[in-house]
Amino acid sequence: FIYFTPTTSLKAQYGFAKSFTQTTSEVASDSASARNSSQFSLLYSWENIPNIEYSLGLRYDLEVYRINTGTVDVDTQRIFGTASFTYLLKDLSKHAAYWYLGILAGYGTSSTEINDARSTGTSFILPELKIGYYIPLTKSKGITLEGSLENISISEEVSTGTQTSSVLNTKFSVGLRF
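This structure is a prediction, so every number in the text was calculated from the model and none was measured.

Draft legend 1. Main features of the overall build of the protein. Across its full length, the protein carries zero helices and eight strands. Ordered by position in the sequence, the α and β elements of the protein form the string β-β-β-β-β-β-β-β. Once the C-alpha set of the protein is aligned to its principal axes, its extents read approximately 65 × 25 × 20 Å. Residues counted as buried form 38% of the 178 residues belonging to the protein. Long-range pairs, those at least 24 residues apart, make up 59% of the contacts in the protein between residues at least 6 apart in sequence. For the protein, the computed accessible surface area is about 10000 Å², with 64% contributed by carbon and sulfur atoms. Here the protein contributes 14 positively and 16 negatively charged side chains, and the mean placements of these two sets differ by 12 Å.

Draft legend 2. Molecular detail of the pattern of salt bridges. Counted by the stated rule, this structure contains twelve salt bridges. A salt bridge links Glu53 to Arg177; the shortest N-O distance between them is 2.2 Å. One end of the pair, Glu53, is in strand S3 (residues 52–66); the other, Arg177, is in strand S8 (residues 161–177), with 124 residues separating them in the sequence. Look at Glu53 and you get buried, because its relative accessible area is 5%.

Draft legend 3. Expanded view of unusual backbone geometry. Cis geometry marks the peptide bond from Leu126 to Pro127, where omega comes out at -10°. By the secondary structure assignment, Pro127 is in strand S6 (residues 117–136). Of note, Asn51 is a non-glycine position whose phi angle comes to about 70°, a positive value. For Asn51, a relative accessible area of 9% gives the class buried. Not every positive phi belongs to a glycine, and Asp116 is a case in point at roughly 70°. Inspection of the secondary structure assignment puts Asp116 in the loop between strand S5 (98–114) and S6.

Thresholds applied
Residues numbered from 1 in each chain as written. Predicted model: local features only at pLDDT ≥ 70, side-chain atom pairs only at ≥ 80, totals over all residues. Heavy atoms only, no water. Helix = DSSP H or I, 4+ residues; strand = E, 2+ residues; numbered from the N terminus. Buried < 20%, exposed > 50% of the residue type's maximum accessible area, 1.4 Å probe, protein only. Contact = heavy atoms within 4.5 Å. Areas by Shrake-Rupley, 256 points an atom, 1.4 Å probe, with all protein chains shown as cover. Lys, Arg positive; Asp, Glu negative; His and termini not counted. Charge placed at Lys NZ, Arg CZ, Asp CG, Glu CD. Salt bridge = Lys/Arg side-chain N within 4 Å of Asp/Glu carboxyl O.

What follows is the structure, given as structure tokens:
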């Protein structure tokens, strides 16, 4: 008989993302450059079933996108509510540290500023696929290292109508779990 104690935790995480591919309506593909973003997230997680973790959280993105046709920087801020499912590969490890695999989805707001003009709208993360490694520091605290691939879809109202963007990011994150 295996004894299992349900657990909860809080994770604060910082991530750096770089766009892998992107499309934006009304923007020529040759004038687009890579997008870079910093991401801050806070997740509340619970493990009620062995090796299965569910999380709800908030995420803030700050993205800078430079247009190749000039020196125009496009600053975008996004705030998401997120939900994720993670499979913990604890059984494959002979140590307290372990690998994990996860999927995350999010919905939120988006705000972009170009030369003092602001556009706002909605954004989706669907999906974010991640692989990570958890390194315990104490019984209740540890460090997480994650690599992920995520798709972010954005729809914002601009002066000419609705502009849509889809961005595929690669991301590396470091977190503290407590």
